[in-house]
Amino acid sequence: MVSALALVLTLVALAVNTLVVAVLSRFFRIRLKTQWGWVTYTLLVSPVVLLILGLIQGSVIPPLFEGAAGLFLAVFVGVPLALGFTIDLLYVPPPEEYDLPEATK
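Residues numbered from 1 in each chain as written. Predicted model: local features only at pLDDT ≥ 70, side-chain atom pairs only at ≥ 80, totals over all residues. Heavy atoms only, no water.

Draft legend 1. Quick look at the overall build of the protein chain. What the protein chain contains, in helices and strands, is three helices and zero strands. Counting helices and strands in the order they occur from the N terminus, the protein chain gives α-α-α. Expected size for 105 residues packed as a compact globule is a radius of gyration near 13 Å; at 17 Å, the protein chain overshoots this value by more than 25%. Here the protein chain holds 105 residues, and 30% of them are scored as buried. In the protein chain, the share of contacts with a sequence separation of at least 24, taken over all contacts with a separation of at least 6, comes to 75%. Total accessible area on the protein chain is roughly 7,300 Å²; 73% of this is exposed by carbon and sulfur atoms. (Helix = DSSP H or I, 4+ residues; strand = E, 2+ residues; numbered from the N terminus. Rg over C-alpha atoms; globule rule 2.2 N^0.38 Å. Buried < 20%, exposed > 50% of the residue type's maximum accessible area, 1.4 Å probe, protein only. Contact = heavy atoms within 4.5 Å. Areas by Shrake-Rupley, 256 points an atom, 1.4 Å probe, with all protein chains shown as cover.)

Draft legend 2. Structural detail: the packing of aromatic side chains. Taken as a whole and judged by the stated rule, the model has four aromatic pairs. With a centroid separation of 5.6 Å and 50° between ring planes, the pair formed by Phe-28 and Tyr-41 is classed as tilted. Of this pair, Phe-28 sits in helix α1 (residues 4-31) while Tyr-41 sits in helix α2 (residues 37-60), and the two are 13 residues apart along the sequence. Taking the relative accessible area as the measure of exposure, Tyr-41 reaches 44% and is therefore partly exposed. Ring plane angle 35° and centroid distance 4.7 Å describe the contact between Phe-72 and Phe-76, whose orientation is recorded as tilted. (Phe/Tyr/Trp six-rings, centres within 6.5 Å; stacked < 30°, edge-to-face > 60°.)

Shown next as structure tokens:
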């Protein structure tokens, strides 16, 4: 039987992981000036960070995904990666739209 605490903690972990991916993709989008560089880094670095976060979060959350490694990866890596990437790409204005003041010497 699944406890309410495990479900709530899993939803919190899902939200945290989504936020981490959105911030990472925004960081790569601002720092990397190439057209596909930020996409490549987001798709290669973010899953590693999410896997580490998922393992840490999985040790805290009561056992909800016992024996289901695929479900664990889908919930803690796949869904947040897709949501975070989509949020940054569709709902946050591109960095080129911001007008920054000139740097003074």
